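# A look at the structure
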Amino acid sequence: MGSQLGSAGLLLVNTLINIYLLLLMLRFLLQASRADYYNPISQSVVKVTQPLVGLFQGFLKPMGRFDLATLAAALVLKIVAIIVVLQIAGYGMPPIPGLAIAAVAAVANAILKIYFFALIVMIILSWVAPQASHPGALLVMQLVEPIMAPVRRVIPPLGMIDLSPIVVFIAISLLDSLVVGSLTRAAGVSGALVGL
């Protein structure tokens, strides 16, 4: 019974950390896509993630559209989370290079998940509310536009049918299986720790 409670507790902690990691990466992607900073959802994401990101903002300045402080916060959070979960589970300290690779895999996985679900929301919105002015709908459109625009230049819409989301879904799947999968295997840690 105690080991089941311990496993459930580890799963809960790991899930909460992965949700916070998703919020950090959402903040990173919103800034990278130059989404509306004054959108209420953007403001909420910034408020929730600021306590951790603020620790890194003093010495890591943004590089163009990319907020290095948010990226560093996400990597450090995941490294610490993996160490804590492995220590509690009794596996000991993993090698440092493996930790770094696992953190990069987790961050890449979080970014791909955000784009995957944002594309699904974008597709649903284009069917049911193509002119939606809800802050969430506007934010999703601003988030996915930087990855959709280059694909749309190569594959223009065919009348009312836009095939570009299919191409982006395929690219996300390939990146997830090739890059994130390879990084996870190279790290030598469980996919559950990375957030797969």
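Okay, so let's go over this structure. Every residue gets a number counted from 1 within its own chain, in the order that chain's sequence is written. At least 70 in pLDDT is required for a residue's local features to be given in this predicted model, at least 80 for side-chain atom pairs to be given and counted, and no such filter applies to totals for whole chains, interfaces and linings, which use all residues. Hydrogens and water are ignored here; the side-chain numbers use all heavy atoms of the structure.

## Details of the overall build of the chain
Put simply, the rule is: Labels follow the DSSP assignment, with helices taken as runs of H or I lasting at least four residues and strands as runs of E lasting at least two, numbered in each case from the N terminus. Relative accessibility decides the category of a residue: with a 1.4 Å probe and only protein chains considered, values under 20% of the type maximum give buried, values over 50% give exposed, and everything between is partly exposed. Using a 1.4 Å probe, the Shrake-Rupley method yields the accessible areas, and only the shown protein chains count as cover for residues. A positive count includes Lys and Arg, and a negative count includes Asp and Glu. His and the chain ends are not counted in either. Think of each charge as sitting on NZ of Lys, CZ of Arg, CG of Asp or CD of Glu.
Scanning the chain for helices and strands turns up 7 helices and 0 strands. What you see in the chain, going N to C, is helices and strands ordered as α-α-α-α-α-α-α. Expressed as a percentage of its 196 residues, the buried residues of the chain come to 38%. Accessible surface, the chain: about 10900 Å² in total, of which carbon and sulfur atoms supply 74%. Side chains of the chain give 10 positive and 5 negative charges; the mean places of these two sets differ by 8 Å.

## Details of the nonpolar core
The criterion, for reference: To define a nonpolar core, start from buried Ala, Val, Leu, Ile, Met, Phe, Trp, Tyr and Cys residues and group those joined through side-chain atoms within 4.5 Å.
Judged by nonpolar contacts, the single largest core of 39 residues is most densely connected at Leu24, Met25, Leu29, Leu119, Met122 and Leu143. If you list the elements that add at least two residues to this core, you get helix H1 (2–32), helix H2 (40–57), helix H3 (68–89), helix H4 (96–128), helix H5 (135–154) and helix H6 (164–187).

## Here we look at a nonpolar patch on the surface
How we decide: To count toward a patch, a residue needs a relative accessible area above 30% and no salt bridge. Like charges then connect within 9 Å, nonpolar side chains (Val, Leu, Ile, Met, Phe, Trp, Tyr) within 5 Å. Whenever Lys or Arg places a side-chain nitrogen within 4 Å of a carboxyl oxygen from Asp or Glu, that contact is recorded as a salt bridge.
A cluster of nonpolar side chains, contributed by Leu158, Met160, Ile161, Leu163, Ile166, Ile170, Leu174, Leu175, Leu178 and Val179, occupies part of the molecular surface with about 1000 Å² of accessible area. Positionally, Ile170 belongs in helix H6.

## Overview of the environment of Ile120
Considering the arrangement of structural elements, one finds Ile120 in helix H4. Judged by its relative accessible area of 29%, Ile120 falls in the partly exposed class. Sequence separation between Ile120 and Pro165 is 45 residues, and the spatial gap between their C-alpha atoms is 8.8 Å.

## Examining the pattern of salt bridges
Inspection of the entire model under this criterion finds 1 salt bridge. One salt bridge in this structure joins Glu145 and Arg152, with 3.1 Å as the shortest N-O distance. Since its relative accessible area comes to 25%, Arg152 is described here as partly exposed.

## Comments concerning H3
Worth spelling out the cut-off: Expected span of a helix: the number of residues minus one, times 1.5 Å.
The end-to-end C-alpha distance of H3, which contains 22 residues, comes to 31 Å, matching closely the 32 Å that a straight helix rising 1.5 Å per residue would cover. The set of residues buried in H3 consists of Ala69, Thr70, Ala72, Ala73, Ala74, Leu77, Lys78, Ala81, Ile82, Val85 and Leu86. Positive backbone phi, at 85°, marks Gly90, one or two positions downstream of H3.

## Regarding the packing of H3 against H4
The line we're drawing: In this analysis, axes come from line fits to C-alpha atoms, helices being fitted only over the stretch in contact, and the angle between any two N-to-C directions falls in the range 0 to 180 degrees. Angular relationships are summarised with four words: roughly parallel below 35 degrees, roughly antiparallel beyond 145, roughly perpendicular across 65 to 115, and oblique for the angles in between. When the near helix sits turned anticlockwise from the far one by under a right angle, the crossing is termed left-handed; a clockwise turn instead gives a right-handed crossing. In what follows, residue pairs with any heavy atoms lying within 4.5 Å of each other are defined as contacts.
Interaxial distance between H3 and H4 falls to 9 Å at its minimum, and their mutual angle equals 120°. Compared by their axis directions, H3 and H4 come out oblique. Considering only the axes of H3 and H4, their crossing is right-handed. For the pair formed by H3 and H4, the contact residues are Leu71, Ala74, Leu75, Lys78, Ile79, Ile82 and Ile83 on the first element and Leu99, Ala100, Ala102, Ala103, Val104, Ala106 and Val107 on the second.

## A short note on unusual backbone geometry
Residues other than glycine seldom take positive phi values, yet Arg34 does so here, at roughly 55°. With respect to the helices, strands and loops of the structure, Arg34 is situated in the loop between H1 and H2.

## Brief notes about the packing of aromatic side chains
Quick reminder of the rule: Centres within 6.5 Å are what make two rings of Phe, Tyr or Trp a pair, Trp counting through its six-membered ring; a difference in plane orientation under 30 degrees is then read as stacked, over 60 as edge-to-face, and the rest as tilted.
Considering all chains together, one arrives at 5 aromatic pairs under this definition. The interplanar angle of 85° and the centroid separation of 5.4 Å between the aromatic rings of Tyr37 and Tyr38 together place this pair among those described as edge-to-face. With a relative accessible area of 46%, Tyr37 lands in the partly exposed category. A network of ring pairs unites the aromatic residues Phe116, Phe117 and Phe169 as a single cluster.

## Considerations on the environment of Leu12
Along the chain, Leu12 turns up in helix H1. Under the relative-accessibility criterion, Leu12 is labelled exposed at 52%. Separated by 81 residues in sequence, Leu12 and Met93 have C-alpha atoms that sit 21 Å apart.

## Quick look at the packing of H4 against H6
For clarity, the cut-off: As a working rule, the residues Ala, Val, Leu, Ile, Met, Phe, Trp, Tyr, Cys and Pro are called nonpolar, Asp, Glu, Lys and Arg charged, and the rest polar, with Gly in that last group.
Between H4 and H6, whose axes approach to 9 Å, the crossing angle comes to 165°. Considered as vectors, H4 and H6 are oriented roughly antiparallel to each other. H4 and H6 meet at a crossing whose hand is left-handed. Among the residues forming the contact of H4 with H6, the class breakdown is 21 nonpolar, 3 polar and 1 charged.

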